[in-house]
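The primary structure of each chain is shown beneath.
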Amino acid sequence: MFCRECGYELNDKAVICPNCGVPPNGKHVYRDHIPDGVRGWSWGAFLLNWIWAIGNNVWWGLLALIPYLGLIVAIWLGIQGRELAWKAGKWESVEHFQRVQKQWSKWAVIITLSIVTICAVIMYLVFYYYTNTGIFNV
């Protein structure tokens, strides 16, 4: 199947043409149009903010690397990230977009929980070492 507007080859399940933004049925949809199923909280954008920003071509998400501003940007990416990724990316369909964002969210949670677990184990071991070696007994 090809786009009527620009001739770009489309996937059979495509909702819009990723090249020009026109749906296969011929009605104009502009890049600012956000289809149902795109809006919502993005754990991937919130937890892996600058990495997610690079992977989804949302370059201003790199502001999350700036101290103090990073938390504000992370929250903003969590709230608006899915919409920003939709506008910045060339997605085959809404289903493709949702599949990719679900993977980002899954890996963000796995990586964050792994880091928290490793830090907790290290803190426990350090506390255990210092309390049982008598280093604080003066």
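Residues numbered from 1 in each chain as written. Predicted model: local features only at pLDDT ≥ 70, side-chain atom pairs only at ≥ 80, totals over all residues. Heavy atoms only, no water.

Undergrad: Just checking my understanding: could you explain the overall build of the protein for this structure?
TA: When its secondary structure is counted, the protein shows four helices and zero strands. Along the protein, from the amino end to the carboxyl end, the secondary structure elements read α-α-α-α. Since a compact globule built from 138 residues should have a radius of gyration of about 14 Å, the 22 Å found for the protein marks it as more spread out than a globular shape. Its C-alpha atoms put the protein at 80 × 30 × 20 Å along the principal axes. (Helix = DSSP H or I, 4+ residues; strand = E, 2+ residues; numbered from the N terminus. Rg over C-alpha atoms; globule rule 2.2 N^0.38 Å.)

Undergrad: Can you walk me through unusual backbone geometry in this structure?
TA: One non-glycine residue, N57, lies in the positive phi region at around 60 degrees. Mapping N57 onto the fold places it in the loop between α2 (49-55) and α3 (69-88). The phi dihedral of Y68 falls on the positive side, at around 70 degrees, and the residue is not glycine. Inspection of the secondary structure assignment puts Y68 in the loop between α2 and α3. Relative accessible area serves as the criterion here: at 80%, Y68 is assigned to the exposed category. (Buried < 20%, exposed > 50% of the residue type's maximum accessible area, 1.4 Å probe, protein only.)

Undergrad: Help me understand the pattern of salt bridges in this model?
TA: Side chains that differ in sign of charge can pair as their charged atoms come close. Considering all chains together, one arrives at one salt bridge under this definition. Salt-bridge contacts for E83 lead to R39; the nearest nitrogen and oxygen are separated by 3.4 Å. Highlighted residues: E83 in helix α3 and R39 in the segment before α1 (43-47), separated in sequence by 44 residues. (Salt bridge = Lys/Arg side-chain N within 4 Å of Asp/Glu carboxyl O.)

Undergrad: Before we go on, may I ask you to explain helix α4 (residues 94-132) in this structure?
TA: Since the α-helix advances by 3.6 residues per turn, residues separated by three or four positions end up pointing in the same direction. When the terminal C-alpha atoms of α4 are compared, their 57 Å separation across 39 residues agrees well with the 57 Å that a helix rising 1.5 Å per residue should span. All of the buried residues along α4 are V94, H96, F97, Q101, W104, S105 and A108. On its buried face, α4 sits against α1, α2 and α3. Positive backbone phi, at 80 degrees, marks G134, one or two positions downstream of α4. (Expected span 1.5 Å × (residues − 1). Contact = heavy atoms within 4.5 Å.)

Undergrad: Explain the packing of aromatic side chains to me, please; I cannot follow it from the model alone.
TA: Given two aromatic rings, their pairing is described by the distance between the two centres and the angle made by the two planes. Considering all chains together, one arrives at seven aromatic pairs under this definition. Consider the rings of W86 and F97, whose centres lie 5.4 Å apart with planes at 90 degrees: the pair is edge-to-face. Here the residue W86 occupies a position in helix α3, and F97 occupies one in helix α4, the gap between them amounting to 11 residues. Taken as a pair, W86 and F97 share a single burial class, namely buried. Seen in terms of ring centroids, Y124 and Y128 are 6.2 Å apart; in terms of plane orientation they differ by 25 degrees. Their pairing is stacked. Within this pair, Y124 and its partner Y128 are both found in helix α4, separated by four residues, close to a single helical turn. With a relative accessible area of 52%, Y124 lands in the exposed category. An aromatic cluster of at least three residues, connected via ring pairs, comprises W41, W43 and F46. (Phe/Tyr/Trp six-rings, centres within 6.5 Å; stacked < 30°, edge-to-face > 60°.)

Keep in mind these numbers describe shape, not what the thing actually does.
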